[in-house]
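Here is how the chains run, residue by residue.
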Amino acid sequence: MSALGGAPAGGAAMDPISMVIGLVLAVVFIGITFVLAPLAVIPLIGIIVGGVLIGFGVHFVPVGGAPAAMGQAPGIATGVAMLAAGAGLAGLFGGAWAAEFGVVVATITGAIGGGLLMAITCLMVNVIYVFGMGIPAASGKVEKDPITGDTQAEYKSQGTEGHGLPFISFVGGVLGGLFGGGGGTLIYIELLTVYEQYLPSIFNATVEQIMPVAISLAGMFAIGMFLVNAVLAAYNITGTIEGPHDPKFKRFPRAIVASLVASALCGLVAILIVVVNLNLTI
Amino acid sequence: MVENIVFGIGITALAGALAAVAGAAEDTESDIGSQGDPNSQVQLAPQMGFIHRIFNKAIAGEPPAYGLWCTLGAGLAWVFLIQDINPILALVLGATIATFVQGVYATSGYLGRTASLAKFGQPVYIDIIKSMLSVTMAHAFVAVFTTISICYLMNAALGHPFPLPLLGLVWGIALGAAGSATGNPFYGKERQYQNQQFGAGVPISASGNIVRYAEAGQRNSLDNGWFSSKLGGPASGICFGLIVFLELWRTILFEEFAGGWGAIIAGLVLILIFIMIGRWVEVYARKNYGPYTAPEEASS
């Protein structure tokens, strides 16, 4: 049996009723947007896709939390949402800079920014473990690394669940950064598109004049939505996760539905802010 | 064109250097103040019967904490800049006020968290507050000032579209993420559990039994800051410095190539290089340190 074929940890099951209710809510939010601001429906879909990418990507990030800080568990010694936010926001920084090149280039630039932060961070984590503490990387969840085939158990020190970042966790961290950075940037770009459309009418100004406000609003909402999706995924993970080989990874479908609903609602609110004001001024 | 690139590279180098200082100061501050995941052991120790004189201020995880302080510093600096105050003075004033907020959080964090351990006999040491607060605040000032200076350079010199407070939030959170990821194991395992075997993780059964005595007298958080500033701090500085430098470097030099794809390819190449170095480090450890037990024993 492959390492990825292990039995899933508890909590991976999907509750059909909750899922259906969630999906219905998402459709309702999209419907409200269609009625109030038909031009914002496509951006809202983009926002939802961005949120889902973030929620999915967080599951790849190897997060060890407090046990990792004592070398008691593999992963990076910080919180799930925090690490994902760090990577995703660094990606958003790069993506926002590349917004002039269009949504595809900007989103991929953002993804690369998040992936780069995670690659550097994962490397420095292993450098500290290996050269600062003399501890090799070892997974506690699989017998062999699914990518390199390295055996893990004998490199696990006594009384611990493993330590450091085995190669699969390293790669998982980079993938998580890619998804997070891309998702955050996509949300930002889509919101910026909406604000560029609606804000000039509200302020009775040109697009150039409202750009500082539009960029600030889109940036703040993108960061906020990033945190919402990262925290939702963190609740789904409950504590620590080693990466894509961890049995907890199989819980991601639930997080995708949750991110979809949450992003639809947050996106609706972010769009209504300009749409409702527009209606009041008419 | 060439002048612009040279100017951009100069700013990138300066931002990278500032980021290295920020990372080192952030990690040392979080170790002296005992913030982040290793502080779980500082909180746990009295509950296991180990009374100590370590500072205890896990106000929040390092990323949101630094997100707050850097946003505050950058936001205030932004206000001062609008008032036509000299940029350096504005940044210093912003960082100073943010540092005082950090000091308030640190004081209430220490008092609140330590008081909650009263039932386990853990005293609140006033002399610990007096001697450690100023040091943690000083390191926080360095971390916040350098980070918001980077943000100012990105905004004013390199023309990033985000306003200064938003950049403060983005890079404050990234600073906390880099500093806690890199520096926490060195403070948590290597310093707090210096009494455990070198080259191995801390057995779960030893949780809470942190080192409480120094060469002379009881250990305090200044001793921990001295220790972690030797490796954990500089490593965090290298981590954050590389993140800031390479993110700017790939954008400044390559973004104009192939309609933005140049920066993407450069970033992808950098990621692959870091993954390869990471694999080399992993193999190096496996070859040179060897397994703890024979493979057949481990599977039994």
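Residues numbered from 1 in each chain as written. Chains lettered and ligands numbered in written order. Predicted model: local features only at pLDDT ≥ 70, side-chain atom pairs only at ≥ 80, totals over all residues.

Caption draft 1: Looking closely at the overall build of chain B. If you tally the helices and strands in chain B, you get ten helices and zero strands. The order of helices and strands in chain B, counted from the N terminus, is α-α-α-α-α-α-α-α-α-α. For chain B, whose C-alpha radius of gyration is 21 Å, the value lies close to the compact-globule estimate of 19 Å for 300 residues. Its C-alpha atoms give chain B principal-axis dimensions of about 65 × 55 × 30 Å. Counting the 300 residues in chain B, one finds 55% classified as buried. In chain B, once contacts between residues fewer than 6 apart in sequence are set aside, the share between residues at least 24 apart is 78%. (Helix = DSSP H or I, 4+ residues; strand = E, 2+ residues; numbered from the N terminus. Rg over C-alpha atoms; globule rule 2.2 N^0.38 Å. Buried ≥ 20, exposed ≤ 12 C-beta atoms within 10 Å, placed from the backbone. Contact = placed C-beta atoms within 7 Å.)

Caption draft 2: Up close: the overall build of chain A. Tallying secondary structure elements over chain A gives eight helices and zero strands in all. Overall, chain A shows an N-to-C arrangement of helices and strands of α-α-α-α-α-α-α-α. Over its C-alpha trace chain A gives a radius of gyration of 20 Å, about what one expects of a compact globule, namely 19 Å for 282 residues. Dimensions of chain A, computed from C-alpha atoms along their principal axes, come out at roughly 70 × 40 × 25 Å. Residues classed as buried in chain A amount to 65% of the 282 residues present. The long-range share in chain A, meaning contacts at least 24 apart out of those at least 6 apart in sequence, stands at 75%.

Caption draft 3: Representation of the interface of chain A and chain B in the model. With 70 residues of chain A at the contact, the number on the chain B side is 76 residues. For the side of chain A that touches chain B, the secondary structure elements donating two or more residues are α3 (65–69), α4 (80–97), α5 (103–132), α6 (167–203) and α7 (207–237) of chain A. The dominant element in the side of chain A that touches chain B, judged by the number of residues it contributes, is α5(A), at 21 residues. Its residues assigned to classes, the side of chain A that touches chain B comprises 46 nonpolar, 22 polar and two charged. (Nonpolar A, V, L, I, M, F, W, Y, C, P; charged D, E, K, R; others polar.)

Caption draft 4: The arrangement of α6(A) in detail. Residue and element names in this part refer to chain A. If you check α6, its first and last C-alpha atoms are 52 Å apart, about what 37 residues at 1.5 Å a residue would give, namely 54 Å. Approximately 30 degrees is the largest bend angle found in α6, and it occurs at Glu-196, with the proline Pro-200 only one to four residues beyond. Counting buried residues in α6 gives 30 out of 37 residues, a clear majority hidden from the surface. After α6 finishes, the residue Asn-204 shows a positive phi value of roughly 55 degrees. (Expected span 1.5 Å × (residues − 1). Bend = angle between axes of the 7 residues up to and from the residue.)

Caption draft 5: Here's a closer look at the environment of Met70(A). Tracing the backbone shows Met70(A) in the loop between α3 and α4. A sequence separation of 17 residues divides Met70(A) from Leu53(A), and the C-alpha atoms of the two residues are 31 Å apart. If sequence neighbours within four positions are ignored, Met70(A) has contacts with Gln41(B), Gly188(B), Lys189(B), Tyr193(B), Gly201(B) and Val202(B).

Caption draft 6: Here's a closer look at helix α7 (residues 221–228) of chain B. Residues and elements named next belong to chain B. Ser-221, Asn-224, Gly-225, Phe-227 and Ser-228 are the residues of α7 that are buried. Each buried residue of α7 sits inside an arc of 160 degrees when the element is viewed along its axis, so together they form one side. The secondary structure elements touched by the buried residues of α7 are α1 (2–32), α5 (126–157), α6 (164–191) and α8 (232–254). (Arc of directions from axis to C-beta.)

Caption draft 7: Layout of unusual backbone geometry. Although it is not a glycine, Asn204(A) sits at a positive phi angle of roughly 55 degrees. As for its placement among the helices and strands, Asn204(A) is situated in the loop between α6 and α7. Here Asn204(A) falls in the exposed class, since 9 other C-beta atoms lie within 10 Å of it. For Ser34(B), which is not a glycine, the phi torsion comes out positive at approximately 55 degrees. Here Ser34(B) lies in the loop between α1 and α2 (39–44).

Caption draft 8: Spotlight on the environment of Thr251(B). Topologically, Thr251(B) is positioned in helix α8. Residue Thr251(B) is classed as buried on the basis of its C-beta count, with 25 C-beta atoms lying within 10 Å. With 13 residues separating them along the chain, Thr251(B) and Ile264(B) place their C-alpha atoms 8.6 Å apart. Ignoring anything within four residues of it in the chain, the contact list for Thr251(B) reads Gly94(A), Trp97(A) and Ala263(B).

Caption draft 9: Broad picture of the packing of helix α4 (residues 87–115) of chain B against α5(B). Residues and elements named next belong to chain B. One can describe the packing of α4 onto α5 by two numbers: an axis separation of 8 Å at closest approach and a directional angle of 140 degrees. One finds that α4 runs oblique with respect to α5. As α4 runs across α5, the sense of the crossing is right-handed. Among the residues making up the contact of α4 with α5, the classes are represented as 16 nonpolar, eight polar and no charged. (Axes fitted to C-alpha atoms, helices over the stretch in contact; angles between N-to-C directions. Parallel < 35°, antiparallel > 145°, perpendicular 65-115°, else oblique. Left-handed = near helix turned anticlockwise from the far one by under 90°.)

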